[in-house]
Each structure stands twice: as C-alpha cells, then as structure tokens.
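Residue-level structure breakdown
Here is what each chain is made of, one letter per residue.
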Amino acid sequence: MPLLSTDELKSLIENSASPCISIYMPMEKAGPEIRQNPIRFKNLMREAEQRLEEMGIDHNQAMTWLEQANAIDSPEFWEENQGEGVAIFISLEVFRYYQLPVDVEELVVVSDRFHIKPLLPIVNNDGRFYILALSQKDVRLLQATRTTVKEVHIEDLPKSKDEALQYDATSKDGQIRIATSKGGTNNTFQQPGSFHGQGSPDQDDIKKDLLQFFHQIDGALHDFFRNKKGPLVLAGVEYLFPIYKEANTYQHLVEQGITGNPEIFKPEELHELALPIVEPLLQENIEGVVEVYKELAGNDTSKVSHDIKEIIQSAYYHRVDSLFVAVGEQRWGHFDPETMTVDLHPEPQADDEDMLDFAATHTILNGGKVYAVEPEKVPDEAPVAAIFRY
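Residues numbered from 1 in each chain as written. Predicted model: local features only at pLDDT ≥ 70, side-chain atom pairs only at ≥ 80, totals over all residues. Heavy atoms only, no water.

1. Considerations on the sheet that holds strand 16 (residues 332-336)
One key point about sheets: their strands pair by backbone hydrogen bonds, in either a parallel or an antiparallel sense. As summarised here, the arrangement of the three strands in space is 17-16-18, forming an open sheet in which the pairing is antiparallel. Both outer strands of the open sheet, strand 17 (341-345) and strand 18 (353-354), are each paired with one neighbouring strand and no more. Bridge count for strand 16 against strand 17 is five bridges, and the pairing is antiparallel. In the strand pairing of strand 17, Phe335 is matched with Val342. Sitting on the sheet, helix 11 (residues 308-316) is in contact with strand 16 and strand 17, with an inclination near 130° to strand 17. (Pairing = 2+ DSSP bridges. Helix = DSSP H or I, 4+ residues; strand = E, 2+ residues; numbered from the N terminus. Contact = heavy atoms within 4.5 Å. Axes fitted to C-alpha atoms, helices over the stretch in contact; angles between N-to-C directions.)

As structure tokens, then:
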C-alpha cells in the first residue's frame, strides 16, 4: 500500500482520467459494529455506480470500472485494514486504496479529477520529518509524516562503522564502553565514557573514527536532503549525538534526540518517540504562515484573499503560494477557465466538484503549499484563504 505524501497526491492528480471516482469510508475497528464495514462498502460502491450512470455511462461499463474495487471486498481485506478509514480511487488508468489513520466522513465523488482534500490533514504540507537511527553496527534513515513512517534506501549509506572504515570485524578484540552523563540524566548529550578491556584505544582515536564514519553518513545523505526542510531527529546512544552534530551539514537537524539503542526499535516505535519532538516544529511552521497572512492583510491586501472565487481563479493560474482550506467542508460548483467564471451551488449538481478541493489540487500541482486545518483556524473565518505570489 503506498505511503501518503504530497508526491503521492501529485501522482494521483496527474494520472486523473475522467471520470474519476473517489470513495471515503470510515471504519469500525472493534466489536459487533465491525461487521458493518463490508455493508457500508457495498452501499458506497452502489452509490458510485449510480453517480456514473447519472453521467450517462452505461451500466455494464460502470460495473467494469468498479470491478477492481469490488474485488477487494473480502474477509482478508477487512482483517488486514484496521485503520480509522479507507480511501479508494478509481479511473480508467488508476486503482489505488489507502488505509487512513484518521477518521473521515463518508463520501463519494465522481468528477473530472480525484477528490483529495480529505487526505490533506494526513499529509498537511507533508508534515514530513526524518529519523536517523544511528549506531556503530546499524544505520537506518526513516521518512515520516504525522501518521506514517517508512525506511528509505540511500545508495552508498554505510550500514555500520566497520563497513565505513573497512574494518575486519573478526580482528576486533571486543571492548565495553561505559557512557557517563554530563549534568545528570536529563541532559540531552553524554560525554564519552572510558573504555575497558584488552587493547583499550585512546579516546581521541575513537572519536576520530566515529567522526569519519559520520562524515560518510552525512555525505551519503547530502543529495537526498537537497532542497528538503523537514526536521531530522537522531536516534541513538547519547554520546554519539554531539559527534554526529559535528559532522552534520543538514540545516534542519533537531537538537533533541531519541536516546537508547535504536537497533531494538521498530520504525513504528521510533516514529512514536519522534512525534512529540517534531510536532511543535511542524505546528510552528503553520502558525508562522498564518502570521504572514495577517501581516499582509494589514499592509497589502492585494497579496491575500479569502474570496473563494478569486482564489479558485488564482490557484488555476499558478498565483497561489500558500492556501488554507477548511477540512470537512465542501463548496460545490464549476470553474470555466475560458470565461474565468466560478459558479457555486448550495447542493452538488451534475458535473460539479468541490471548489475547495479544486483550489487545493491546483495549488499543489503548481508548487504551492496547502494547509488543511480545522475551519476555525482558517484566517478571516472563511472556508478558504490564500497568500498570493504576486
């Protein structure tokens, strides 16, 4: 199952081929109610079939398009997918489904493009961050959002100090390191402790070897981190942190780390430990953009707007830099790029689409940032607000 990210959303949008069917379904996870999941799924599939037929599509053709989705309705599928919800996307060229870690409203949309706005709180400007699980015997880079995590393969990333320094592991004579804390157990970093055992090396030599090892790691990560801004959290024993910091060239390395032996942690466990560290940084980013909006609203109103029609036009023509959109709300209508007109309707009509989703989709496609937030957090108490590039 693909990992949700801005890139994944772009892939969905760019591979749209009308008609596009988007289905969102909340899931029951326990108790007798869990038996409602297959029933709810069948009801939503019938609704999608009905929407296709309302668009003039033959019944047999509609059933052919929905065949792949209907095929996943099995006991195995419901046992394996125990998230808060599921999202399914179907077109002539695409069939994808995602287990969702957050609750969603039941929704079926058939339109010219996939309806992606309910996914934005999950991705929410990616909310992306990274975890470098660092030990002398194992190195892993994890890419994460608030709700997802996966390991990333990096070419030339050394997996261990022995590999990096081309040591013969069989010739090592085994030593025990005792790390002593500086300033008590609450201090983030620890000082290198003393070595005991046969052939105890000089501390300066050990640090030199570790620094060389970490420079190789940093060099291997350099291209991956190019143009990225997500926080990087180190996970490892504390005495390694200041040494890696000395080798590090990535500007968004977080001061606080996850302490302990990362070899014993699964990616999901490291993700859970990292979230409290990065969440204030991710939230700070959104609050900073809100402050920019407020400042511009007070000094240069041409650079901001909460007028939905102006924003839709601007999103289509690459003008939106940052977009705030209210989750859980829709504004149904239609945009005609030839006449630059936006028609809004209180209830969805044939060929209508959610204009908030339209604005978000085109902002993403045109390189802008989208912040899907609770309605009360959108500036100017509107369902949508935007900062313009010009």
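2. Some thoughts on the packing of helix 1 (residues 6-14) against helix 12 (residues 355-365)
At a minimum axis separation of 10 Å, helix 1 and helix 12 run at an interaxial angle of 110°. Classified by the angle between their axes, helix 1 and helix 12 sit roughly perpendicular to one another. Every residue of helix 12 that contacts helix 1 at Thr6, Leu9, Lys10, Ile13 and Glu14 is listed here: Thr361, Ile364 and Leu365. Of the residues that constitute the contact of helix 1 with helix 12, the class distribution is four nonpolar, two polar and two charged. (Parallel < 35°, antiparallel > 145°, perpendicular 65-115°, else oblique. Nonpolar A, V, L, I, M, F, W, Y, C, P; charged D, E, K, R; others polar.)

3. Side note on helix 12
Within helix 12, 10 of the 11 residues are buried, leaving the element largely enclosed by the surrounding structure. When we look at burial in helix 12, the residues that qualify are Met355, Leu356, Asp357, Phe358, Ala359, Ala360, Thr361, His362, Thr363 and Ile364. Measuring from the backbone nitrogen of Leu356 back to the side-chain oxygen at the start of helix 12 gives 3.1 Å, which picks out Asp354 as the cap. Two residues or fewer after helix 12 comes Gly367, characterised by a positive phi angle close to 85°. (Buried < 20%, exposed > 50% of the residue type's maximum accessible area, 1.4 Å probe, protein only. Polar contact = N/O pair within 3.5 Å; in protein donor to acceptor, adjacent residues only side chain to side chain.)

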